[in-house]
Amino acid sequence: MTAVLVVDGTGRGHAICDLMTRTNPAVTVYYGPGCDVIGDERVVPVPSIAFDDPGTALAFLRTTPVEFVLVGNIDALSRGYVDVLRAHGHQVIGPARAAAELEASKERGKLFCDRHGVPVPAYGVFTDPQEARSHIRSRPYTCVVKTDGLTVDGDGSIVCETTGEAEAAVERFAREHGDDFRVVVEERLRGTEISIFALIGGDEYLMFPSAVDFKRALDGDSGKNCDGMGSVAPHPADSPALRERVRAAILDPFVRGLRRDGLDYSGFVYIGAMLTDAGPVVIEVNARFGDSEAEVVLPSVHSDFVALCRSVLAGGLGRQRLITDDLVRCSVALTQGCLDPLDPDALPGWPFGAFAQGQPVSGLEDVDVAFYANLRRDAAGVPVTCGGRVLHVVGAGHGYREARENAYRQVRRVSFPGMRHRDDIAIGLVPSGTGEKAPTLAGNVPSR
Ligand code: AMP
Ligand code: GLY
């Protein structure tokens, strides 16, 4: 028997805990702060653990020793959780504070890639809104404007169609950030987006299946970017040849760059890239697994994940093989929307503004696979909503059609006041007519 601590929350954290208990019969996972609605006796919530205070984890570990700690939440990582826990003698998986900066500062992530030969779009970094605007006007291409630091709902990037829109984005960030204004302005790329994942240990890494993330808030890939409304894995462009290209162009130089810069990085990296005619180009670096990609990628993994974590800590990850099944999975995020769209005074709901949390959620027991995000038990023991993305329902199948149908069949079993979701996750990947074929790629995957 062994015990580990996972410091995370949301659907990703649940998916990591599930991977551990599903692939290792001997592990108990303490999950902090975790979620008290998960009904697995080997996943034990630790609500006293707070992302903004590693001391809370140290206090827990004093009374409950574990074999290792995995930190998966970017707020915790960028506050130096890994550094603090290691300094107290714990075995920890996750990037140290300086390495987590690759996500916490978009400028830092871009500079790192650029210096180590990982392809990125043309970009500039600005602290003066005037200079940012004149740069935008001088570009022969349309731009994406990104505020440098972390944002609450993943809406820190504005993908623009015109120069005017890009200038307006600069204005918005200048208004919101005042003296702390700092933006990256980069070339807007066209192509197919892909979420790439690897588990890193020392100089070695293990590539995980890639995925499609549906980041836009509304159907038809419209509305603003948010943390994500659903995912599909594997990515339709996945092939041995693409994996080799991704390794050679992105992951190999990325991991070499970590060593050269002396960055202390272990655990997952999530790289968002655009597949362009000139090859894959990195548009975002994240120092943790994607959420909601974790919910469709990790259930496909059948290797003993606790054993993989031991290889991350002790070395030898390169000798491990990742065993995955060949099912397609589709996840749909159920979010806390507006309670009454006809009432002009009702809160708009996530991700458009404030939302009325505390809504009772029913039907969870009828869902086959779901990963819980912002869901807690109230004083009476009833599961209630406590944030924007409430849970992620996952369907599996032998093709995109079956996975999508299974996901939406389960969506219909859950209900709560103000429940909102996208209706079109994976729809562009399902071929018309009967019988499922591998989708052709062009135009199928959102590129905005
Ligand atoms: P980020 O905030 O960097 O994670 O970007 C959020 C989303 O904005 C990405 O998933 C893309 O959909 C889009 N995006 C970011 N950068 C670019 C780019 N250079 N070209 C096109 N789309 C982009
Ligand atoms: N899938 C979006 C994110 O994890 O940021």
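To be clear, the structure that these remarks concern was listed above.
Below is a short write-up of the structure. This one's a predicted model, so the numbers in the text were calculated from it and none came from an experiment. (Residues numbered from 1 in each chain as written. Chains lettered and ligands numbered in written order. Predicted model: local features only at pLDDT ≥ 70, side-chain atom pairs only at ≥ 80, totals over all residues. Heavy atoms only, no water.)

With respect to the overall build of the protein chain
Move 1: Along its length, the protein chain carries twelve helices and 22 strands.
Move 2: Sequence-distant contacts in the protein chain: of pairs separated by 6 or more residues, those separated by 24 or more amount to 67%.
Move 3: Of the roughly 17,800 Å² of accessible surface on the protein chain, 49% is carried by carbon and sulfur atoms.
Move 4: Charge-centre separation for the protein chain: the mean point of 46 positive side chains lies 4 Å from the mean point of 60 negative side chains. (Helix = DSSP H or I, 4+ residues; strand = E, 2+ residues; numbered from the N terminus. Contact = heavy atoms within 4.5 Å. Areas by Shrake-Rupley, 256 points an atom, 1.4 Å probe, with all protein chains shown as cover. Lys, Arg positive; Asp, Glu negative; His and termini not counted. Charge placed at Lys NZ, Arg CZ, Asp CG, Glu CD.)

A look at the site of ligand 2
Move 1: Every residue close to ligand 2 is listed here: Asp-213, Lys-215, Asp-227, Tyr-270, Arg-288, Gly-290, Asp-291, Ser-292 and Glu-293.
Move 2: Take Asp-291: an N or O atom from its main chain is 2.9 Å from an oxygen atom of ligand 2.
Move 3: Between ligand 2 and the protein, one listed contact pairs a nitrogen atom with a side-chain N or O atom of Glu-293 at 2.7 Å.
Move 4: Taking 190 Å² as the accessible area of ligand 2 by itself, protein coverage stands at 89%.
Move 5: Considering only residue class, the shell around ligand 2 consists of one nonpolar, two polar and six charged. (Near = heavy atom within 4 Å. Polar contact = N/O pair within 3.5 Å; in protein donor to acceptor, adjacent residues only side chain to side chain. Nonpolar A, V, L, I, M, F, W, Y, C, P; charged D, E, K, R; others polar.)

A closer look at the site of ligand 1
Move 1: The environment of ligand 1 is formed by 17 residues, the closest being Ser-157, Glu-186, Glu-193, Lys-215 and Glu-284.
Move 2: A distance of 3.5 Å is found between an oxygen atom of ligand 1 and a side-chain nitrogen or oxygen belonging to Lys-106.
Move 3: One of the side-chain N or O atoms of Glu-284 is found 2.5 Å from an oxygen atom in ligand 1.
Move 4: Relative to its free-state accessible area of 480 Å², ligand 1 is covered by the protein chains to the extent of 97%.
Move 5: Only strand E7 (143-147), strand E8 (157-159), strand E9 (183-187) and strand E16 (279-286) provide two or more residues apiece to the shell around ligand 1.
Move 6: Here the residues of the shell around ligand 1 are counted per class, giving six nonpolar, two polar and nine charged.

Overview of the sheet that holds E8
Move 1: The sheet built from four strands is open, its strands ordered E6-E9-E7-E8 with antiparallel pairing. Edge positions in the sheet fall to strand E6 (123-126) and E8, since each of these pairs with one other strand and no more. Each strand axis lies, on average, 15° off the axis of its neighbour in the sheet, ignoring direction.
Move 2: Relative to E6, helix H7 (residues 129-138) is tilted by about 160°, and along the sheet it contacts E6, E7 and E9.
Move 3: Seen against the sheet, helix H8 (residues 163-177) touches E7, E8 and E9 and runs at an angle of roughly 5° to E7. (Pairing = 2+ DSSP bridges. Axes fitted to C-alpha atoms, helices over the stretch in contact; angles between N-to-C directions.)

Comments concerning the sheet that holds strand E3 (residues 43-45)
Move 1: Within the open sheet, the five strands sit side by side as E3-E2-E1-E4-E5. Their pairing is parallel. Of all strands in the sheet, those bounded by a partner on one side alone are E3 and strand E5 (92-93).
Move 2: Summarising the sheet, strand E4 (residues 68-71) and E5 pair through two bridges and their orientation is parallel. By the bridge assignment for E5, Val-69 is matched with Val-92.
Move 3: Sitting on the sheet, helix H1 (residues 10-23) is in contact with strand E1 (2-8), strand E2 (27-33), E3 and E4, with an inclination near 170° to E2.

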